[in-house]
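Below are the chains, spelled out letter by letter.
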Amino acid sequence: MTDDEDAELLSLLDDEYARAILIETSKEPMSADALTERCDASPPTVYRRIDRLDEHDLVEAEQELDPDGHHYKTYRARLERVSVELSDGEMDVRVDRSDENAADRFTRLYEEL
């Protein structure tokens with residue numbers, strides 16, 4: 001990552017709503033409506049943070065289908081760990097993301113039943 005990308009990522013993680021979204025979606029995939037309620041934020045705030053988190057590949061979206069036929073997205077955190085190392089006047093930011101694919105998620109969800 002470039003210094004600008006590092007700074008942007010750290011700024012995003014410093015945002016209380018972005019952190020709340022990551023925490024909630026690390027527990028289970030959630031819709032923006034559910035995140036609005038859980039994070040005590042307005043819908044535009046939640047959508048802006050989701051967009052920023054998505055730009056950094058820290059969340060992933062999945063399309064869901066309501067029983068009445070409507071579509072909506074749920075979001076799942078991909079962030080596992082962020083490490084910041086300062087050495088010789090340089091800052092190195094490393095991001096570890098979940099590589100769990102859809103088949104692995106299905107298996108995990110099935111096993112949790």
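Structural data are supplied above this passage.
Residues numbered from 1 in each chain as written. Predicted model: local features only at pLDDT ≥ 70, side-chain atom pairs only at ≥ 80, totals over all residues. Heavy atoms only, no water.

## Looking at the overall build of the chain
Argument step 1. The helix and strand tally for the chain stands at five helices and five strands.
Argument step 2. Each helix (α) and strand (β) of the chain, taken in turn from the N terminus, gives the series α-α-β-α-α-β-β-β-β-α.
Argument step 3. Buried positions account for 30% of the 113 residues belonging to the chain.
Argument step 4. Sequence-distant contacts in the chain: of pairs separated by 6 or more residues, those separated by 24 or more amount to 45%. (Helix = DSSP H or I, 4+ residues; strand = E, 2+ residues; numbered from the N terminus. Buried < 20%, exposed > 50% of the residue type's maximum accessible area, 1.4 Å probe, protein only. Contact = heavy atoms within 4.5 Å.)

## Focus: the sheet that holds strand β1 (residues 30-31)
Strand pairing in a sheet relies on backbone hydrogen bonds. The paired strands run either parallel or antiparallel.
Argument step 1. In spatial order, the strands read β1-β3-β2; together these three strands make up an open sheet with antiparallel pairing. At either margin of the open sheet sits one strand with a lone partner, and together these are β1 and β2 (59-65).
Argument step 2. Pairing geometry for β2 and strand β3 (residues 71-77), over seven bridges, is antiparallel. Residue pairing across strands places Ala-61 opposite Tyr-75, the latter belonging to β3.
Argument step 3. Strands β1, β2 and β3 of the sheet are contacted by helix α2 (residues 16-27), whose axis makes an angle of about 100° with β3. (Pairing = 2+ DSSP bridges. Axes fitted to C-alpha atoms, helices over the stretch in contact; angles between N-to-C directions.)

## So, a negative patch on the surface
Argument step 1. A surface patch of negative charge is lined by Asp-3, Asp-4, Glu-5, Glu-8, Asp-51, Asp-54, Glu-55, Asp-88 and Glu-90.
Argument step 2. Listing elements by their share of the negative patch, those giving two or more residues are α1 (3-13) and α4 (43-55).
Argument step 3. Of all the elements, α1 adds the most residues to the negative patch, at four residues.
Argument step 4. Following the sequence through the fold, Glu-8 ends up in helix α1.
Argument step 5. Its relative accessible area of 37% is what places Glu-8 among the partly exposed residues. (Patch = residues over 30% accessible without salt bridge, like charges linked within 9 Å, V, L, I, M, F, W, Y side chains within 5 Å. Areas by Shrake-Rupley, 256 points an atom, 1.4 Å probe, with all protein chains shown as cover. Salt bridge = Lys/Arg side-chain N within 4 Å of Asp/Glu carboxyl O. Lys, Arg positive; Asp, Glu negative; His and termini not counted. Charge placed at Lys NZ, Arg CZ, Asp CG, Glu CD.)

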